[in-house]
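Here is what each chain is made of, one letter per residue.
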Amino acid sequence: MVIDEVDTQQDSISMEGSVVANEISGATVEFFSINDDGSIIDKLNIGGADVITDANGNYTAQIKPTDSRVLVVAKNGNYLDESTGLNVDMTNQSLRAVMDQASNSETLVITPLSEAVAQLAEGDFSQAKIAMLRQQIAQEFLGTNDPDLMDKLRPVDLSSSEKAEQYIAEYGLEAFEKARNMREVLAGLSIEAGGRKPNQAITDLVNTLKTDGQLSQALKERMYRDTRRLMKRLDKSGRQASAASKLFNLTTTKVAELEQEMEVDDFIQGVPEQVQVGLGTSNLLAQIDSQYIARFNITFVLISDGVRSQITEPTAFTMPANISEYVLETRYVDKTRPSIRFVEHSK
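Basis of the calculations
Within every chain, residues take consecutive numbers counted from 1 along the sequence as written. Only residues with pLDDT of at least 70 get local features here, since the model is predicted, and only at 80 or more are side-chain atom pairs given and counted; chain-wide, interface and lining totals rely on the full set of residues. The side-chain figures draw on all heavy atoms in the structure; neither hydrogens nor water molecules are used. Under the scheme applied here, a residue whose accessible area is under 20% of the maximum for its type counts as buried, over 50% as exposed, and between as partly exposed, the area being computed with a 1.4 Å probe on protein chains only. Only DSSP runs of H or I reaching four residues or more are called helices, and only runs of E reaching two or more are called strands; each is numbered from the N terminus. Strands are treated as partners if at least two bridges between them are detected by DSSP. As used in this record, nonpolar core signifies buried Ala, Val, Leu, Ile, Met, Phe, Trp, Tyr and Cys residues forming a set joined through side-chain atoms within 4.5 Å. It only takes one pair of heavy atoms within 4.5 Å for two residues to be counted as in contact. Lines are fitted to the C-alpha atoms to define the axes, a helix being fitted only along its stretch in contact, and any angle between axes, read from their N-to-C directions, falls within 0 to 180 degrees. We call two directions roughly parallel when the angle between them is under 35 degrees, roughly antiparallel when it is over 145, roughly perpendicular when it lies between 65 and 115, and oblique otherwise. Each residue is assigned to one class: nonpolar for Ala, Val, Leu, Ile, Met, Phe, Trp, Tyr, Cys and Pro, charged for Asp, Glu, Lys and Arg, and polar for all the others, Gly among them. Points on a 1 Å grid over protein atoms alone make up a cavity when a 1.4 Å probe fits among them but cannot get out, and a pocket when they form an open set with protein on both sides within 12 Å along at least five of seven lines; lining residues each have an atom within 4 Å of a point. Grid points are joined across faces, edges and corners, and a volume is the space filled by probe spheres set on the points.

(A) Inspection of the pairing of strand β10 (residues 105–110) at higher detail. Buried residues dominate β10, accounting for 6 of its 6 residues. Judged by which residues are buried, β10 turns out to be covered on both faces: Ser105, Thr107 and Val109 on one side and Glu106, Leu108 and Ile110 on the other are all buried. In terms of strand pairing, strand β2 (residues 13–19) meets β10 through 5 bridges, oriented parallel. Each bridged residue has a counterpart across the sheet, and for Gly17 the counterpart in β10 is Leu108.

This is the structure in structure tokens:
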């Protein structure tokens, strides 16, 4: 699961891993040794060729070993957003991860959660600060104090039972369950992003952590509901989710309560219709069942190229002529319980 072997060639070590929001292909991955204040000491990549992620977001890099903290930067590339179905262009955007040191060959997975650690560091990349932040992020999002699950565990492909079984055969069932939890959290972050770049979207959650020290209970419950609804569509592994999962640091009791809520509420299980934008002028509200209009406050957002535009006249909406690739976000907020909020995306 994790490579952690001393390299006999002291002048280089091999790093391998992935860049994942969903799998980010075509990203350039660079390693830098840094001081405790985050200032760069040296670029560690060996050789003149760039390290570029493949179609599955995987990379392999030869770097110079160092006892200093290491900042890993994955920039550019693109990926298919799990929530909106849009291709996300990461040109001039980056995700980062921070390593304690790079003395051994090992696995490093770069994700929005590792980016959260880098953002929370705020110029203090000391060993103690980074260790504390990695534990904090792992606890808030994965419900565990084991930070290696956040950036050392290879991502799992849940698109088929065959790929799930291949992962289990290679890494074991326990690793599969942990990797699936990570995939579910990333799916939830995709919904929170709402079509924005992942490094931009995680900033909102980071700012909440800076201000409050933790995510609110309402936010965690909302992210759990959104995640479970999306994974009903995405998870084709054929394996039931573990009852011990503590996604978003929710208690086992709260998870059971939310699962029961989803079991008995047809709407939470999935909206039966998707709102479509036709040629000319469209009445978006008229496409929604009256029972949902009675229960929810409903708003619409047009998402294109990472830009979110509120639709102010949903009964007479005309698609702007200069937009070719887009997704329509329909947002439902329960009128009596505003903490219950769902989004659906359609084209």
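(B) Examining the pairing of strand β15 (residues 327–334) more closely. In terms of residue burial, β15 counts as a mostly covered element, since 7 of its 8 residues are buried. As paired strands, strand β12 (residues 296–304) and β15 are joined by 8 bridges and run antiparallel to one another. Its bridge partner lying in β15, Ile298 is registered against Tyr332. Bridge analysis of β15 against strand β16 (residues 341–346) gives 6 bridges, and the strand direction is antiparallel. Bridge assignment links Thr330 to a residue of β16, and that residue is Glu344. Hairpin connection of β15 to β16: 6 residues between the antiparallel strands.

(C) Molecular detail of the nonpolar core. Core analysis: the largest hydrophobic core is formed by 39 residues, its most contacted members being Leu113, Ile137, Phe141, Val185, Leu189, Leu205 and Tyr224. For this core, the element with the highest residue contribution is helix α1 (residues 112–121), accounting for 6 residues. In contact with Ile137, other than residues within four places in its own chain, are Leu113, Ala116, Val117, Leu120, Leu142, Met150 and Leu209. Membership of the second largest hydrophobic core comes to 25 residues, among which are Ile13, Val19, Phe31 and Met99.

(D) The arrangement of the packing of helix α4 (residues 161–171) against helix α5 (residues 173–193) in detail. Relative to each other, α4 and α5 sit at 125 degrees, their axes nearing to 7 Å. When the axes of α4 and α5 are compared, the pair comes out oblique. For the pair formed by α4 and α5, the contact residues are Ala164, Tyr167, Ile168 and Tyr171 on the first element and Leu173, Ala175, Phe176 and Ala179 on the second. Tallied by class, residues from the contact of α4 with α5 come to 8 nonpolar, no polar and no charged.

(E) Here's a closer look at the sheet that holds β12. Reading across from one edge, β13-β12-β15-β16 is the order of the 4 strands in this open sheet, with antiparallel pairing throughout. Two strands lie at the open edges of the sheet, namely β13 (307–310) and β16, each paired on one side alone. This sheet shows a mean twist of 30 degrees between the axes of neighbouring strands, independent of strand direction.

(F) Looking closely at the sheet that holds strand β9 (residues 94–99). Pairing is antiparallel in the open sheet, where 4 strands are placed in the order β4-β3-β6-β9. Bordering the open sheet on either side are β4 (40–43) and β9, each of which pairs with just one other strand. Ignoring which end each strand starts from, the neighbouring axes of this sheet average 30 degrees apart. Bridging between strand β3 (residues 28–34) and β4 involves 3 bridges; their strand directions are antiparallel. Bridging from a neighbouring strand, Phe32 pairs with Lys43 of β4.

(G) Summary view of empty space enclosed by the protein. All told, the structure shown has 3 cavities of 30 Å³ or more when counted by the stated rule. The calculated volume of the largest cavity comes to roughly 130 Å³. Residue lining of the largest cavity: 15 residues in total, with Pro112, Leu186, Leu189, Ser190 and Pro198 positioned closest to the centre. Where the lining of the largest cavity is concerned, the elements lending two or more residues are α5 and α6 (198–212). Looking at the lining of the largest cavity, the element that brings in the most residues is α5, giving 5 residues. Counted by class, the lining of the largest cavity contains 10 nonpolar, 2 polar and 3 charged residues. If you add up the space inside the second largest cavity, you get close to 80 Å³. Taken together, 13 residues form the lining of the second largest cavity, with Leu153, Pro155, Ala179, Met182 and Leu186 sitting closest to its centre. Mapped onto the lining of the second largest cavity, the elements with two or more residues apiece are α3 (148–151) and α5. Counting residues per element, the lining of the second largest cavity draws most heavily on α5, at 4 residues.

(H) Structural view of the environment of Gly85. Within the fold, Gly85 resides in the loop between β7 (78–80) and β8 (87–89). Taking the C-alpha atoms as reference, Gly85 lies 11 Å from Ile303; in sequence the two are 218 residues apart.

(I) Structural context of the layout of surface pockets. By volume, the largest pocket is sized at about 610 Å³. What lines the largest pocket is a set of 24 residues, among which Glu23, Val156, Asp157, Leu158 and Arg183 lie closest to the centre. Residue contributions to the lining of the largest pocket peak at 5 residues, all from α4. Within the lining of the largest pocket, the residues separate by chemical class into 8 nonpolar, 7 polar and 9 charged.

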